[in-house]
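Secondary and tertiary structure notes
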Amino acid sequence: MKEQPIIVQGAMSVETAELIGALTDAQEEPFGPWRCVRGRLFGHPVVIQETQWGMANAAALAALAIERYAPRAILSQGTAGAHDAGLDVYDIVLGARTVNESAWQSHYRPEGAGAPYDDLKQLGVFAWDAEKQAFTQEVYHAADEALLAAARRAAPRYTRGKVIEGTIGTCDSWNCAIDRVKFLRRFYGSLCEEMEGDAVAQIAQSFGVPFLAIRIISNSILKNQDPWDLGTGPACQGFVREVVREYWGD
């Protein structure tokens, strides 16, 4: 492809099928068992990756896509559970920053002294810092400003809920205990939780590729908005299409 493509990741078919269906000149280009579809959206090259759940899957496919396609940018998008009681199902969070919510250290406590959440220390994860020419440990990864600006321009056209900016938390866990969700909200400032974004941000930073995470609220135990609403996946993809359009300048 003459133009560098945008990589768009989603964990499941409910998070990728609408985008794949919108492609022209679509070609299946799998990575082993993982689905990867190259095509055009609004006339520009896009690659849709169905990563499956989890940080390792999403990060591995991001690295492989960077090597194969030399992308212009990477978008991680899909569904998420709310950490902020002000968020409703179908609200969208733009990840001004992402954080790995499992990267922490517990302080020493003797047997029987318990393991309280509030005793943890944030650690962060290692990614390449181009300015320092070294791997550095960072708690948060900031979004690319141009991608974030494109998402802001697309936001007024989204009619299913609010579009807000903030911190998206990532972890290979699904938290359904309200006290733990409230702790994560306090400890990291996260608006929602998912299982891929910050791991991809880590890889994107190391390779110097612009990155943005976008998540739609699919459920909120804080408001008894459970179970997970499958209709949120297509709604998020519709918004992401508009972000891609804005980023290309169409």
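Just so we're clear, the structure is a prediction, and the values are computed from it rather than from any experiment.

Focus: the side chain of Gln9
Within the secondary structure, Gln9 sits in strand 1 (residues 6-10). In contact with Gln9, other than residues within four places in its own chain, are Gln49, Thr51, Ala58, Leu61, Ala62, Leu75, Ser76, Gln77 and Val200.

Here's the deal with the pattern of salt bridges
Counted by the stated rule, this structure contains 16 salt bridges. The shortest N-O distance in the salt bridge between Asp91 and Lys162 comes to 2.5 Å. Note that Asp91 is positioned in the loop between strand 5 (73-82) and strand 6 (92-100) and Lys162 in the loop between helix 3 (145-154) and strand 12 (163-170), a separation of 71 residues in sequence. What makes Lys162 partly exposed here is its relative accessible area of 36%. Linking Arg245 and Glu242 is a salt bridge whose minimum nitrogen-to-oxygen distance equals 3.2 Å. Separated by three residues within a single helix, Arg245 and Glu242 lie in helix 6 (residues 232-248), roughly one turn from each other. Owing to a relative accessible area of 28%, Arg245 belongs among the partly exposed residues under this scheme. Connected through shared salt-bridge partners, Arg153, Arg157, Glu242, Arg245 and Glu246 make up one network.

Section: unusual backbone geometry
One non-glycine residue, Asp25, lies in the positive phi region at around 55°. Mapping Asp25 onto the fold places it in strand 2 (residues 24-28). Of note in the backbone geometry, Phe42 takes a positive phi value of approximately 55° without being a glycine. Looking at where Phe42 falls in the secondary structure, it is placed in the loop between strand 3 (35-41) and strand 4 (44-50). Classification of Phe42 as partly exposed rests on a relative accessible area of 27%.

Considering the nonpolar core
Counting 33 residues, the largest nonpolar core has Val8, Leu75, Leu212, Ile214, Phe239, Val240 and Val244 as its most contacted members. Here this core gets eight residues from one element, more than from any other, and that element is helix 6. Contacts of Ile214, omitting those with residues within four sequence positions, involve Leu75, Ser76, Gln77, Gly78, Ile92, Val93, Leu94, Ile168, Cys236, Phe239, Val240 and Val243. One finds Phe31, Ala80, Ala204 and Ala213 within the second-largest nonpolar core, a separate group that totals 25 residues.

Section: the packing of aromatic side chains
Two measures describe an aromatic ring pair: the distance that separates the ring centres and the angle between the ring planes. On inspection of all chains with the given rule, the structure shows six aromatic pairs. A ring pair is formed by Tyr158 and Phe239, whose centres lie 5.8 Å apart and whose planes are at 75°; its orientation type is edge-to-face. With Tyr158 in the loop between helix 3 and strand 12 and Phe239 in helix 6, this residue pair connects regions lying 81 residues apart in the sequence. Of the two residues, Tyr158 and Phe239, neither departs from the other in class, the shared state being buried.

Considering the packing of helix 3 against helix 6
Relative orientation of the contacting elements helix 3 and helix 6 amounts to 120°, with a least axis distance of 8 Å. Looking at the two axes, helix 3 sits oblique to helix 6. Here helix 3 and helix 6 pass one another in a crossing that is right-handed. Note on element contacts: helix 6 touches helix 3 through Phe239, Glu242, Val243, Glu246 and Tyr247, opposite Ala146, Leu147, Ala150, Ala151, Arg153 and Ala154. Of the residues assigned to the contact of helix 3 with helix 6, the class counts are eight nonpolar, no polar and three charged.

Cut-offs used in this document
- Residues numbered from 1 in each chain as written.
- Predicted model: local features only at pLDDT ≥ 70, side-chain atom pairs only at ≥ 80, totals over all residues.
- Heavy atoms only, no water.
- Helix = DSSP H or I, 4+ residues; strand = E, 2+ residues; numbered from the N terminus.
- Contact = heavy atoms within 4.5 Å.
- Salt bridge = Lys/Arg side-chain N within 4 Å of Asp/Glu carboxyl O.
- Buried < 20%, exposed > 50% of the residue type's maximum accessible area, 1.4 Å probe, protein only.
- Core = buried A, V, L, I, M, F, W, Y, C linked by side-chain atoms within 4.5 Å.
- Phe/Tyr/Trp six-rings, centres within 6.5 Å; stacked < 30°, edge-to-face > 60°.
- Axes fitted to C-alpha atoms, helices over the stretch in contact; angles between N-to-C directions.
- Parallel < 35°, antiparallel > 145°, perpendicular 65-115°, else oblique.
- Left-handed = near helix turned anticlockwise from the far one by under 90°.
- Nonpolar A, V, L, I, M, F, W, Y, C, P; charged D, E, K, R; others polar.

The quantities given are spatial measurements derived from coordinates; they are silent on function.
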